[in-house]
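Per-entry structural report
Here is what each chain is made of, one letter per residue.
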Amino acid sequence: MRIWAIANQKGGVGKTTTTLSLGRTLAERGQKVLLIDLDPHASLTRAFGVPSEPQPQGVADLFATPPLELAEVARHSEVPNLDYVCAQTALATLERRSANQPGLGLALSQALQRHGQTHDAILLDCPPTLGLLMINALAACDRVIVPTQTEPLALYGLAGMCRTAEMVERSRKRPLPVSVLPTMFDRRTRASNETFQQMQEEYQGKVWNQPIPVDTRLSNADQLVAAHPGVLPGRAMSAYRHALDWILAAEGQVLEPAPGEAAIDAAADVEETA
């Protein structure tokens, strides 16, 4: 089982879109996937059509006394092989509770350990702030994937996220590899091209060399969990599928493409170069 945290200390960089894109692709390739929404804003949860009221069971219940089990709060989506755990507004109160409730920093790790090997992959959609929830994700994961918008100010968030990953790696005394996914790339602008080049120079070997392009077809996250079967089209989805192969290769793994994926990606490549 692989556990990936999708994290950045800056908002608006495509964390939820990345979580859904990678998760959907893994599911289409036959992997049993669980997405966990750790952000109190609950964008991933809303993408699955879950209303804010009444409050659903979800991540906050993993931090309760006694905690619920992941199997009790996980939901099946309409996408085959794709399950998810909802976020709740109550997650925003965890920081205050942690002062009087020792051990909350490892609550997610413990829940995942109890969950066993029920899923092939678990993706953690993190909030855009360094706090208890992000620390839980980084303590539990095998890899942190950092979506980073290709604009100059986003480099500060990337630098902060890499420093945080190094700090957690020292604390937990086991490797925490970092994979940087440049997102929202507009090849027509000087800012996007220069920012992408700077990322590659400063984080050699950690940056995917085919940035995720701007694509209006991914403007709404709920499009990524639509019930229609088959591989999703589009330049950005094609880029995410290639990025997934890159991440898996770094872990010494290969997954066969889903039926029709190669043809759709070839068409997207033609579209990108047109």
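Keep in mind it's a predicted model, so treat the numbers as computed, not measured.

1. Considering the overall build of the chain
The number of helices and strands found in the chain is ten helices and seven strands. A compact globule built from 274 residues should have a C-alpha radius of gyration of about 19 Å, and the chain, at 18 Å, falls within 12% of that. Projected onto its principal axes, the C-alpha coordinates of the chain cover approximately 55 × 40 × 35 Å. For the chain, the residues scored as buried account for 52% of the 274 residues in total.

2. Topic: the packing of aromatic side chains
One pass over the full model with this rule turns up three aromatic pairs. Summarising the aromatic geometry, the rings of Phe 48 and Tyr 84 are spaced 4.0 Å apart at their centres and angled 5° between planes, so their arrangement reads as stacked. Note that Phe 48 is positioned in the loop between helix 2 (43-47) and helix 3 (70-73) and Tyr 84 in strand 4 (residues 82-85), a separation of 36 residues in sequence. Note on accessibility: Phe 48 and Tyr 84 belong to one class, buried.

3. Side note on unusual backbone geometry
Trans peptide bonds make up most of the peptide bonds, and negative phi angles are found at most residues other than glycine. With omega at -5°, the peptide bond leading from Glu 53 into Pro 54 counts as cis. For Pro 54, the position within the fold is in the loop between helix 2 and helix 3. The omega angle of the peptide bond from Thr 65 to Pro 66 is -5°, so this bond is cis rather than trans. Mapped onto the secondary structure, Pro 66 falls in the loop between helix 2 and helix 3. For Ala 42, which is not a glycine, the phi torsion comes out positive at approximately 60°. Inspection of the secondary structure assignment puts Ala 42 in the loop between strand 2 (33-37) and helix 2. Assessed through its relative accessible area of 1%, Ala 42 is described here as buried. Although it is not a glycine, Met 184 sits at a positive phi angle of roughly 55°.

Each value, and the rule that gives it
Residues numbered from 1 in each chain as written. Predicted model: local features only at pLDDT ≥ 70, side-chain atom pairs only at ≥ 80, totals over all residues. Heavy atoms only, no water. Helix = DSSP H or I, 4+ residues; strand = E, 2+ residues; numbered from the N terminus. Rg over C-alpha atoms; globule rule 2.2 N^0.38 Å. Buried < 20%, exposed > 50% of the residue type's maximum accessible area, 1.4 Å probe, protein only. Phe/Tyr/Trp six-rings, centres within 6.5 Å; stacked < 30°, edge-to-face > 60°.

These values are about where atoms sit, not about what they do.
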